[in-house]
Amino acid sequence: MKRTLAPLLSGALLLGAAYGGYRSYAQQHPRITVLKGLIGSEKADFFADPAVKAALKKRGLTVTVETAGSRDIAARTLSGYDFAFPSGSAAARQTALRAGQNAQVTDIFYTPLAVATWASLLPTLKRARVLDNQTLNVARLLDFSLRGQRWRDLPGSPFKSARTVLVSTTDPRTSSSAAAFLGVAAFTQNGEQVPDEHSVPALLPRLRPMFALQGYQDASSQGPFEDYLAIGMSKAPLVLVYEAQFITAGRARRLNSAMRLVALTPNTYTRHALVSLSDPGARLAQALTEPELQGLAAQHGWRTLDPRVFASAMNAAARGAVAASAGDAIDLPAAAVLDALVQGVSGGAQ
């Protein structure tokens, strides 16, 4: 009997050892699923971060991304993609609506609008009563664009340019950041009330110069910010950015001592929600809400679902001053009203 059982016991032990080895290997080398996503350009640096790639790989995910303007993403057919990651709740909802009932929207993080500018311009902007306590007044800026106020004519301006004083933005037809800024500006021109569909015709003449005087506008938010980083004040004295973009550039040591970030008043926060279009896309959405990935997002300047994670990351990096300067947040108009404003300032409606 003992002679009969011995081989069976030996075999069982060998199988057990083999299974244990496989399980250990599988835990250390999970099967990798490669995902393809279409994202707002402001999040490209996050997905390119080796630490983010490693954290996703531990979860069996490798992510490849293409970039586009967020309103452009919402208008596209997304066959072949596992996920879309635009900025703005409206763009995410529209993307999910076009994708069909299997699409799921998951909030990942958010960030306020801000303006990247230059230390040498701050005294001039303060004298012109556009800047107060590191915050730009949107209504005053809009008055400058309406009057065609030139930089060279501002008292004491170090920027002797014939260009009109205005904030450089992206194209509001394709980009959520520019559309959000338009919504903020409309609030200031509507008696500090969120506009409705009846307000739009009267607002357009006051809002149109803010965009019409810019000339060419990039489709997504990283374009004008790259001009700010690479070309400097002559191309980009005031550039609309997401707060997280500026913090990410600082983390990558791409900022110099002359560069400054100021808030807007009023302002708005932009949610960045992932729209999963497949099961792997849903796994990615889950992974990005877990503590490790949320911590990495906070290091890139994204305000996390738990605000304590973002605050801890900013304190650790001694960036508390940037984190505290979000400005007075308002709600944006309803999507249909914002679309009407966008079409109106872009020449699509008179």
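Read on for a plain summary of the structure.

Conventions and cut-offs
Residues numbered from 1 in each chain as written. Predicted model: local features only at pLDDT ≥ 70, side-chain atom pairs only at ≥ 80, totals over all residues. Heavy atoms only, no water. Helix = DSSP H or I, 4+ residues; strand = E, 2+ residues; numbered from the N terminus. Buried < 20%, exposed > 50% of the residue type's maximum accessible area, 1.4 Å probe, protein only. Salt bridge = Lys/Arg side-chain N within 4 Å of Asp/Glu carboxyl O. Phe/Tyr/Trp six-rings, centres within 6.5 Å; stacked < 30°, edge-to-face > 60°. Core = buried A, V, L, I, M, F, W, Y, C linked by side-chain atoms within 4.5 Å. Contact = heavy atoms within 4.5 Å. Axes fitted to C-alpha atoms, helices over the stretch in contact; angles between N-to-C directions. Parallel < 35°, antiparallel > 145°, perpendicular 65-115°, else oblique. Nonpolar A, V, L, I, M, F, W, Y, C, P; charged D, E, K, R; others polar.

## Focus: the environment of Thr-248
Structurally, Thr-248 is set in helix 11 (residues 243-251). In this structure Thr-248 comes out as buried when scored by relative accessible area, which is 9%. Distance from Thr-248 to Phe-46, taken between C-alpha atoms, is 8.4 Å for residues 202 residues apart in sequence.

## Overview of the pattern of salt bridges
A complete count under the given rule lists 15 salt bridges for this structure. Note that Asp-227 and Lys-235 form a salt bridge whose closest N and O atoms lie 3.2 Å from each other. Connected through shared salt-bridge partners, Lys-58, Arg-59, Glu-290 and Glu-292 make up one network.

## Here's the deal with the packing of aromatic side chains
This model, assessed by the stated rule, comprises 11 aromatic pairs. Where Phe-46 meets Phe-47, the ring centres are 5.3 Å apart and the plane angle is 70 degrees; that geometry is what we call edge-to-face. For Phe-46, a relative accessible area of 1% puts it in the buried group. Plain terms: the ring middles of Tyr-110 and Tyr-269 are 5.8 Å apart, the flat faces sit at 65 degrees to each other, and that makes the pair edge-to-face.

## A few points about the nonpolar core
Core analysis: the largest hydrophobic core is formed by 57 residues, its most contacted members being Leu-136, Leu-207, Tyr-228, Leu-238 and Leu-341. Counting residues per element, this core draws most heavily on helix 8 (residues 176-189), at nine residues. Every residue in contact with Leu-238, bar those within four places of it in the chain, is listed here: Val-115, Ala-116, Thr-117, Leu-125, Leu-136, Leu-141, Trp-151, Val-165, Leu-166, Val-167 and Ser-168. Of all hydrophobic cores here, the second largest spans 23 residues; its members include Leu-35, Leu-274, Leu-284 and Leu-293.

## Section: the side chain of Ser-276
With respect to the helices and strands, Ser-276 occurs in strand 9 (residues 269-276). For Ser-276, a relative accessible area of 3% puts it in the buried group. Setting aside chain neighbours within four positions, we find Ser-276 in contact with Asp-82, Phe-83, Asn-102, Ala-103, Gln-104, Gly-281 and Ala-282.

## Examining the packing of helix 7 (residues 138-147) against helix 8
Remark: helix 7 packs on helix 8, axes separated minimally by 9 Å, with the N-to-C direction vectors making an angle of 90 degrees. For the element pair helix 7 / helix 8, the angle class is roughly perpendicular. Contact residues: helix 7 offers Val-138, Ala-139 and Leu-142, while helix 8 offers Phe-181, Val-184, Ala-185, Thr-188 and Gln-189. Grouping the constituent residues of the contact of helix 7 with helix 8 by class yields six nonpolar, two polar and no charged.

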